[in-house]
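Letter by letter, the chains look like this.
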Amino acid sequence: MSNRLIDQYAAGPSQLRSAVAGMTRDQLIARPISGKWSTLELVAHIADFEPVYVDRMKRIIAQDKPAMASGDPDLFASKLAYHDRDINEELALIDACRVHMTRVLRTLPPEAFERVGIHSDNGPMTLEKILTNIGNHIPHHLPFLAEKRRALGV
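Along each chain, residue indices are assigned from 1 in the same order as the chain's sequence is written. It should be noted that, the model being predicted, local features are given only for residues of pLDDT at least 70 and side-chain atom pairs only at 80 or more, the latter also being counted only at that level, while totals for whole chains, interfaces and linings use all residues. The side-chain numbers reported here are obtained from all heavy atoms of the structure, hydrogens and water having been left aside.

Draft legend 1. Quick look at the overall build of the protein chain. Helix and strand counts for the protein chain stand at 6 helices and 3 strands. Ordered by position from the N terminus, the helices and strands of the protein chain form the series α-α-α-β-α-α-β-β-α. Radius of gyration: over C-alpha atoms. The globule rule applied is 2.2 Å multiplied by the number of residues raised to the 0.38 power. Radius of gyration (C-alpha) of the protein chain: 16 Å, near the 15 Å computed for a compact globule of 154 residues. The principal-axis extent of the C-alpha atoms belonging to the protein chain is close to 50 × 30 × 20 Å. Each of the 154 residues in the protein chain was classed as buried or not, and the buried ones make up 41%. Contact definition: two residues touch when any of their heavy atoms are within 4.5 Å. Pairs at least 24 residues apart make up 79% of the contacts formed inside the protein chain by residues separated by at least 6 positions. Secondary structure elements are taken from DSSP: a helix is a run of H or I of four residues or more, a strand is a run of E of two residues or more, and numbering for both begins at the N terminus. The rule is simple: take the accessible area with a 1.4 Å probe, protein chains only, and divide by the maximum for that residue type; under 20% is buried, over 50% is exposed, in between is partly exposed.

Draft legend 2. Quick look at unusual backbone geometry. Its identity is not glycine, yet K65 carries a phi of approximately 50 degrees, on the positive side. The topology assignment puts K65 in the loop between α3 (39-62) and β1 (67-68). Among the residues examined, K65 registers a relative accessible area of 56% and is labelled exposed. Even without being glycine, A81 reaches a positive phi, approximately 55 degrees. Along the polypeptide, A81 turns up in the loop between α4 (73-79) and α5 (87-105).

Draft legend 3. Examining the pairing of strand β3 (residues 123-126) more closely. Pairs of strands are assigned from DSSP output, requiring at least two bridges between the strands. Strand direction decides the pairing type here: strand β2 (residues 116-119) and β3, joined by 4 bridges, are antiparallel. Its bridge partner lying in β3, H119 is registered against G123. In this antiparallel pair of consecutive strands, β2 and β3, the connection spans 3 residues.

Draft legend 4. Representation of the sheet that holds β3 within the structure. The strand order β1-β2-β3 describes an open sheet built from 3 strands, whose pairing is mixed. Each of the sheet's edge strands pairs with one partner strand only, and the pair in question is β1 and β3. The strands that helix α6 (residues 127-152) touches are β1 and β3; relative to β3, the one it contacts most, it runs at about 80 degrees. For helices, the fitted line uses only the C-alpha atoms of the stretch in contact; every axis is such a line through C-alpha atoms, and the angle between N-to-C directions lies from 0 to 180 degrees.

Draft legend 5. Region of interest: the pattern of salt bridges. Salt bridge criterion: a side-chain nitrogen from Lys or Arg within 4 Å of a carboxyl oxygen from Asp or Glu. Overall, the coordinates contain 8 salt bridges when judged by the stated rule. A salt bridge links D48 to R85, with the shortest nitrogen-to-oxygen separation between them at 2.9 Å. Taken as a pair, D48 in helix α3 and R85 in the loop between α4 and α5 lie far apart in primary sequence, 37 residues in all. Three or more residues joined by partner-sharing salt bridges are found here, namely D48, R85 and E90.

Draft legend 6. Inspection of the nonpolar core at higher detail. Among the buried residues, those of types Ala, Val, Leu, Ile, Met, Phe, Trp, Tyr and Cys that are joined through side-chain atoms within 4.5 Å form a nonpolar core. Membership of the largest hydrophobic core comes to 20 residues, with the highest contact counts inside it found for Y9, M57, L105, F113, L127, I130 and L131. The set of elements that each furnish at least two residues to this core consists of α1 (2-20), α3, α5 and α6. Residues contacting L131, with those up to four places away along its chain left out, are L5, I6, Y9, M57, L105 and F113. Grouped together as the second largest cluster of nonpolar side chains are 15 residues, L16, I46, L91 and I94 included.

Draft legend 7. Region of the structure containing α3. Multiplying 1.5 Å by the helix residue count minus one yields the expected span of that helix. For α3, built from 24 residues, the straight-helix expectation of 34 Å at 1.5 Å per residue is met to within 8% by its first-to-last C-alpha distance of 35 Å. In terms of residue burial, α3 counts as a mostly covered element, since 17 of its 24 residues are buried.

Okay, structure coming up:
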C-alpha cells in the first residue's frame, strides 16, 4: 500500500506543471471565478504546504509522537504575497520537496508508515495518513485549475 501512496505523491508535481502549462502571467493572477483564488495563489498555497508536510513526515519518522501544528491556508494566502511570487519558483519548490521526501519514504520499512504524530487539530495521525493527505493535495486542486483555465478560455 505504501508504494502506491509514494508513487501518487511523487507524481503530483508533473500533474501540476501540466495543469498550468502555457499560462501567461496575466492568466496566472486572474481570478476568473468570483470568490476563488487565482491559479498563482493556488500554486503558491500548494508550495507553502509542501515544506510543512515534509517536516511533519520527517518528525513522525524520526521522533516519538511529535507535535504537528496546523496551518490556516487563508491566513497564509492573505499574508504571504501570493501574487508577487514566481510560478517557476513555486513549482521548483514543490518539485524539490517531493523528490527529496520520496527518496526518504522509499527507504522505510512498512511498519514505519504506522508511526504517529499528534496534530494540533486532528489528534493522532499516522505517517500513512499524512502521506495520503499530501498525496491527494495536488489531485484535489487539479479540477479547480481546469475550471480556471476554462473560465479564462485557455
